[in-house]
Amino acid sequence: MADLDVAVVGAGFAGIYAVHAFRSAGLTVRAFEAGGGIGGTWFWNCYPGARCDVESKDYSYSFSPELEQDWSWSERYPAQPEVLRYLNHVADRFGLWPDIQLSTRVTAATWDPGSSHWTVTTGDGQRRTARFLISAVGCLSAYQVPSLPGLETFAGPWYHTSRWPRDGADFTGLRVGLIGTGSTGIQVAPEIAAVAEHLYVFQRTANFAVPNRNRAVDPDWERAFKADYRTYRKQAQESFLGVPIPGTGRPALTEPAEDVQRTLMARWQAGGGMPFLGAYTDVLVDRAANDIVAEFMRDRIRETVADPAVAGLLLPRAYPVGAKRLCQSDDYFAMFNRPTVTLVDIRSAPVSSVAPSGLRTADAFYELDALVFATGFDAISGALRQIDVRGTGGVSLAGEWAAGPRSYLGVAPAGFPNMFIVTGPGSPSVLSNMVLSIEQHVEWIRDCVLHADARGHATVEATPSAEDAWMAHVTEVAYSTLFPLADSWYTGANIPGKPRVFTPYLGGVGPYRARCDAVAAAGYEGFVFS
Ligand code: N01
């Protein structure tokens, strides 16, 4: 008999809810978490300025009406410390701590067909057996530091934003170099610029960013909103992104140009990426419509940044707006008006090496006291590939994913019985409100496990043909949009040597949920039970 019914890897939003959901269903469950606290991405990414770009009313669990009534968010977009406080509150409130093991990295998981158990090995050499293995490792957990010659010789401190010191880093009076201008770099840069003697922003690709217009939550608004939270959650479940966005419902290309500009400006003033990009139906599928929105955003940069040469370098032109995650910031572009901030174009003159006193590019040397990497993640598959997962016949998951990560419905990899991935490759995951998608996955997996148990089946496994068909569908949908035109982490293009496969599912949260429900209603079509 296995030690556990369910072993969960990770205790971020997904792992925490998995513990609650499986335990409430009467199963024994344990989550193994590498971090010294719960929270996953919200535990590790504690750099200054870290803030969610999904509104707090959406980026929160919906499984407990009491929880959503009792908890009050202080801001429209929650900052990292508040998200972490919320998750700890959830663990307290539902008594989850006894089933979460912190500071425990899972290094291997091996399927034993004889006993129909997984053996999970942790960094301290301990082994636990479980009937089911649930990966809740998250999509943005395996961080990447570029291999720059000489980095080990750098005399000052250097940090990756995803492994920020828990007691902070003090840049007061220092000359700081920042590499990376994605969502993270754009958030951390103004915080560093506020205290540093000088900040050098090394930019390889200019990015689009919309304002947050973050604000305190108004208690009267909150009371009125919470009166009908359940209806709102239902709308979110049926929506495209997992957030109900009131768009115009029309294509931009059929609208008079002045009306489009007026609509975009109103949404720009209101702040937030989802309402802005969701204004028109054709922005992410038609390049001409996309260009209108992109040019609108470039105009906002031109009118914000005083030096036309700096503004010119900041104008994003390398990809359609929205095809990479849209960044959000109220102060990133204006930061370049400070005399103590320099934008360095490393597209034309790449970084060549690091020396003890600074960083060398193809055409200059920059004296630096500290270096910050906001260089992103080996996303979606990276964290799981770091674990030695072995399925039927000892086949390795990393090997199976050598040509790109895959799974049936974004939840079950063929060849790995009794293994499920929360928001895995081929699910809406990172292109949706993650919390809502996590809940949907965890509940669907729980129901599948209960279905197997109720019928006395020891194993459940996706068939290779169901996986093939699903991934072909994921690709087909992606290539009907502008998303594949960007060199993004959605495709793995940010990791040298990683196969380029568009992995998130773009069919929409509502339709995806309906498809998962239909699969379940048909007796878990595409799965084999034994
Ligand atoms: O990572 P990224 P991130 N030399 O991969 C550059 C979520 N998130 O941590 O574009 C020089 O987006 C790279 O340049 P390029 C969100 O989903 C959410 O910022 O590849 N530069 C890019 O500028 C987001 O999408 C929130 O040319 C190098 C940057 O590093 C995801 O996390 C906040 C380089 C990496 O950008 C990841 O965001 C933060 C190299 N060798 C994060 N390698 C919110 O909710 C990489 N770069 C608001």
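That block above? That's the structure.
This text gives an overview of the structure that appears in the document. Note that this is a predicted model, so its numbers are computed, not measured.

Our next topic: the site of the ligand. With respect to spatial proximity, 25 residues lie near the ligand, and among them Thr 181, Thr 184, Arg 204, Thr 205 and Lys 324 are the closest. Between Thr 181 and the ligand, the recorded distance is 2.8 Å, taken from a backbone N or O atom to an oxygen atom. In isolation the ligand exposes 920 Å². Once the protein is present, 85% of that is buried. Considering each element in turn, the shell around the ligand owes the most residues, three residues, to helix H5 (residues 183-193).

Turning our attention to the nonpolar core. Membership of the largest hydrophobic core comes to 81 residues, with the highest contact counts inside it found for Phe 13, Tyr 61, Phe 420, Trp 444 and Phe 527. Considering each element in turn, this core owes the most residues, nine residues, to helix H15 (residues 434-454). Setting aside chain neighbours within four positions, we find Phe 527 in contact with Tyr 408, Ala 412, Phe 420, Trp 444, Val 460, Glu 461, Ala 462, Thr 463 and Val 519. Membership of the second largest hydrophobic core comes to 33 residues, among which are Cys 46, Ala 189, Val 341 and Leu 343.

A separate point is the packing of helix H8 (residues 257-270) against helix H10 (residues 287-304). Between H8 and H10, the shortest axis-to-axis distance is 11 Å and the interhelical angle comes to 55°. Viewed along their axes, H8 and H10 adopt a mutual orientation that is oblique. H10 is crossed by H8, and the crossing has right-handed handedness. Taken together, the residues of H10 that come into contact with H8 (itself represented by Val 260, Gln 261, Leu 264, Met 265 and Trp 268) are Ile 292, Val 293, Phe 296, Met 297 and Arg 300. For the contact of H8 with H10, the class distribution of residues is eight nonpolar, one polar and one charged.

Strand order in the open sheet made by the three strands is S13-S14-S15, with antiparallel pairing throughout. Since the sheet does not close on itself, it has two edges, and those belong to strand S13 (351-355) and strand S15 (365-367), each with one partner. The sheet shows a mean angle of 20° between the axes of neighbouring strands, direction not considered. Bridge count for S13 against strand S14 (residues 358-361) is four bridges, and the pairing is antiparallel. Along S14, the bridge assignment pairs Ser 353 with Arg 360.

Once that is clear, we can look at the pattern of salt bridges. One pass over the full model with this rule turns up 30 salt bridges. Between Arg 51 and Glu 75 there is a salt bridge; the shortest N-O distance is 3.1 Å. With Arg 51 in the loop between helix H2 (41-44) and helix H3 (65-70) and Glu 75 in the loop between H3 and helix H4 (80-93), this pair connects stretches of sequence that are 24 residues apart. A salt bridge links Arg 406 to Asp 468; the nearest nitrogen and oxygen atoms lie 2.4 Å apart. Of this pair, Arg 406 sits in the loop between helix H14 (397-400) and strand S18 (419-421) while Asp 468 sits in helix H16 (residues 464-478), and the two are 62 residues apart along the sequence. Judged by relative accessible area, which is 23%, Arg 406 ranks as partly exposed. In this structure Asp 468 comes out as partly exposed when scored by relative accessible area, which is 42%. Among the charged side chains, a network of salt bridges with common partners joins Glu 55, Lys 57, Asp 58 and Arg 76.

Reading the values: rules and limits
Residues numbered from 1 in each chain as written. Predicted model: local features only at pLDDT ≥ 70, side-chain atom pairs only at ≥ 80, totals over all residues. Heavy atoms only, no water. Near = heavy atom within 4 Å. Polar contact = N/O pair within 3.5 Å; in protein donor to acceptor, adjacent residues only side chain to side chain. Areas by Shrake-Rupley, 256 points an atom, 1.4 Å probe, with all protein chains shown as cover. Helix = DSSP H or I, 4+ residues; strand = E, 2+ residues; numbered from the N terminus. Core = buried A, V, L, I, M, F, W, Y, C linked by side-chain atoms within 4.5 Å. Buried < 20%, exposed > 50% of the residue type's maximum accessible area, 1.4 Å probe, protein only. Contact = heavy atoms within 4.5 Å. Axes fitted to C-alpha atoms, helices over the stretch in contact; angles between N-to-C directions. Parallel < 35°, antiparallel > 145°, perpendicular 65-115°, else oblique. Left-handed = near helix turned anticlockwise from the far one by under 90°. Nonpolar A, V, L, I, M, F, W, Y, C, P; charged D, E, K, R; others polar. Pairing = 2+ DSSP bridges. Salt bridge = Lys/Arg side-chain N within 4 Å of Asp/Glu carboxyl O.

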